[in-house]
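So the chains spell out like this:
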Amino acid sequence: MTQKICFTKQGQVALLTMNNPPANTWTVDSLNRLATLVDELNGDDDIRSLVLTGEGEKFFCAGAELSVFADGDKGKAHAMAQAFGRAFEALSEFRGLSVAAINGYAMGGGLEAALACDLRIAAARAVMGLPEARVGLLPCAGGTQLLPHLVGEAWAKRLILCGERLGADQAQAIGLVEEVVSNGEVLTRALALAERVEGQSPGSVAACKRLIQSARRRPLNEGRVRERDAFMALFDTEDQREGVNAFLKKREPQWRNR
Ligand SMILES: C/C=C/C(=O)SCCNC(=O)CCNC(=O)[C@H](O)C(C)(C)COP(=O)(O)OP(=O)(O)OC[C@H]1O[C@@H](n2cnc3c(N)ncnc32)[C@H](O)[C@@H]1OP(=O)(O)O
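Residues numbered from 1 in each chain as written. Predicted model: local features only at pLDDT ≥ 70, side-chain atom pairs only at ≥ 80, totals over all residues. Heavy atoms only, no water.

As recorded by an unreviewed UniProt entry, the protein carries the name Enoyl-CoA hydratase and is attributed to Oceanimonas doudoroffii. A UniProt comment under Sequence similarities (unreviewed entry) is attached to the protein, and it reads "Belongs to the enoyl-CoA hydratase/isomerase family." (UniProt positions renumbered as here; feature names shortened; annotations may be inferred.)

This is the structure in C-alpha cells:
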C-alpha cells in the first residue's frame, strides 16, 4: 500500500511529503504515521531538521478528508480530532527545525500542519485558508490557537470567521509565511533553510525552540529564569565546549549532540 506520508532523508534533513491524491487530505492513518515518524526522527541523531510538503503541484494539503465526517458519526470525528492533536503536537515539539514548503493549496488541517512547523515558505501559487466554518466544522488542529499569535487576532478572525483565503503575497504581508518564492523553487528553498541549522549546536537549537514556544504561555519573569537555567544546562554538555573552542581555534565545530 502506498504510504500517505512519504519519508526520505536528504543529508541531515528529513523530507516528509503528504501524498494522498487528489488533495493530500489527512486521515487518521496519515496523522498517526506523521506522529510516529516525528517520534522516530527525534531519536535519530543524524537528523537535524525536517521539511513538510505536498505531492504534486496543486495541493500542499486540503485539510481533513471530508468524506469521514459526512455521516456525522461522533466516534469517527473524535478519532480524527485526537489524531490531529497527537500528530501536530508531535510536529510542534520536534526537537529540530521544521519548515513547511507550501507548494499549493494549504486549507484547514493543511494550513494547521504548516502552523505546527517553525517556518513557512510559500510558492507564488499557494493559497491559504481555514474554511472549516464553511462546512459546519471548526479548526481543531491548532488553528484558533496558533494563528492569532502569528498574524494577530483580527487577521485570524478574517480567515476563520469570514472564510477569507489568502494568496502567497498577502500571506507574507501579514506574517503568515516568511518568504514567497517562484513555484518551482519552494522545496529547494525550504531544504536550504533546513540545512542551515546544521552549523548550530543541536542542544542549543532544541533548548531555544522550547524556550521560544513556551514564551507564549508563560509570564516574562518566569521565562527569563528558565532561559538562564537552560543556558547553565548547556555547560553540562560536550557541545558547549566544542562550540566555543572551535570558534577560538578558527575551525568548524564537530557537534556530538551530547
Ligand atoms: C481539523 C481540520 C478540519 C479540516 O481540515 S476540515 C477540511 C477543511 N478544508 C476544506 O474545506 C477544503 C476543501 N477543498 C476546497 O475547498 C477545494 O478543493 C479547494 C478550494 C482547495 C480547491 O478547489 P478546486 O481547484 O475547485 O479543486 P476541487 O475540485 O475542489 O478539488 C480536487 C479534488 O479534491 C477533492 N477534495 C478537495 N479537498 C478535499 C477535502 N478536504 N476532503 C475530501 N476531498 C477533497 C475534491 O472533492 C476534488 O475531488 P474530485 O476530483 O474527485 O471531484
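On we go.
> Mind showing me how you'd approach the pattern of salt bridges here?
Where charged atoms from two side chains of opposite charge approach closely, those side chains can pair. All chains considered together, the criterion is met by 10 salt bridges. Notably, a salt bridge pairs Arg-158 with Glu-164, separated by 2.9 Å at the nearest N-O pair. By relative accessible area, which is 35% here, Arg-158 ends up partly exposed. On the basis of relative accessible area, Glu-164 is assigned to the partly exposed category, the value being 22%. With a shortest N-O distance of 3.3 Å, Arg-258 and Glu-238 are connected by a salt bridge. Here Arg-258 is found in the segment after α10 (238–248), whereas its partner Glu-238 is found in helix α10, with 20 residues between them in sequence. Note on Arg-258: relative accessible area 52%, which makes it exposed. (Salt bridge = Lys/Arg side-chain N within 4 Å of Asp/Glu carboxyl O. Buried < 20%, exposed > 50% of the residue type's maximum accessible area, 1.4 Å probe, protein only. Helix = DSSP H or I, 4+ residues; strand = E, 2+ residues; numbered from the N terminus.)

> So what exactly am I meant to see when it comes to a nonpolar patch on the surface here?
Residues Leu-66, Val-135 and Leu-137 make up a contiguous nonpolar surface patch of about 240 Å² in total accessible area. Here Leu-137 shows up in the loop between β8 (127–129) and α4 (143–151). (Patch = residues over 30% accessible without salt bridge, like charges linked within 9 Å, V, L, I, M, F, W, Y side chains within 5 Å. Areas by Shrake-Rupley, 256 points an atom, 1.4 Å probe, with all protein chains shown as cover.)

> I keep staring at unusual backbone geometry and nothing clicks. Help me out?
Phi is mostly negative for residues that are not glycine, and the peptide bonds are mostly trans. With omega at 5 degrees, the peptide bond leading from Pro-21 into Pro-22 counts as cis. Within the fold, Pro-22 resides in the loop between β2 (13–18) and α1 (28–42). Phi angles above zero are rare outside glycine, and Asn-24 is one such case at about 55 degrees. Mapped onto the secondary structure, Asn-24 falls in the loop between β2 and α1. By relative accessible area, which is 3% here, Asn-24 ends up buried. Although it is not a glycine, Asn-257 adopts a positive phi angle of roughly 55 degrees. Within the secondary structure, Asn-257 sits in the segment after α10. Residue class for Asn-257 comes out partly exposed when judged on its relative accessible area of 33%.

> I'm lost on the site of the ligand in this one. Help?
Taken together, 20 residues surround the ligand, and among them Lys-58, Ala-62, Ala-64, Leu-66 and Gly-109 come closest. Here Ala-62 contributes a backbone N or O atom positioned 3.0 Å from a nitrogen atom of the ligand. Between Ala-64 and the ligand, the recorded distance is 2.8 Å, taken from a backbone N or O atom to an oxygen atom. Put simply, the parts of the chain that give the shell around the ligand at least two residues each are β6 (105–107) and α3 (109–115). Looking at the shell around the ligand residue by residue, the classes come out as 11 nonpolar, 4 polar and 5 charged. (Near = heavy atom within 4 Å. Polar contact = N/O pair within 3.5 Å; in protein donor to acceptor, adjacent residues only side chain to side chain. Nonpolar A, V, L, I, M, F, W, Y, C, P; charged D, E, K, R; others polar.)

> Honestly, the packing of aromatic side chains in this entry has me stumped. Any pointers?
Aromatic ring pairs are defined here through the distance separating the ring centres and the angle between the ring planes. This model, assessed by the stated rule, comprises 4 aromatic pairs. Summarising the aromatic geometry, the rings of Phe-59 and Tyr-105 are spaced 5.7 Å apart at their centres and angled 35 degrees between planes, so their arrangement reads as tilted. Taken together, the residues span a long stretch of sequence, with Phe-59 in strand β4 (residues 59–61) and Tyr-105 in strand β6 at a distance of 46 residues. A ring pair is formed by Phe-84 and Phe-88, whose centres lie 5.4 Å apart and whose planes are at 70 degrees; its orientation type is edge-to-face. One end of the pair, Phe-84, and the other, Phe-88, are both in helix α2 (residues 74–92), 4 residues apart, so they sit about a helical turn from each other. When sorted by exposure, Phe-84 lands in the same class as Phe-88, which is buried. (Phe/Tyr/Trp six-rings, centres within 6.5 Å; stacked < 30°, edge-to-face > 60°.)

> Would you mind showing me how to read the pairing of strand β5 (residues 97–102) here?
Regular strands place side chains that alternate from one sheet face to the opposite one. Of all 6 residues making up β5, 6 are buried, and the element is well covered by its neighbours. Covered by surrounding structure in β5 are Leu-97, Val-99 and Ala-101 together with Ser-98, Ala-100 and Ile-102, the residues of both alternating faces. Where strand β3 (residues 49–54) lies against β5, 5 bridges are found, and the strand directions are parallel. Bridging from a neighbouring strand, Leu-50 pairs with Ser-98 of β5. (Pairing = 2+ DSSP bridges.)

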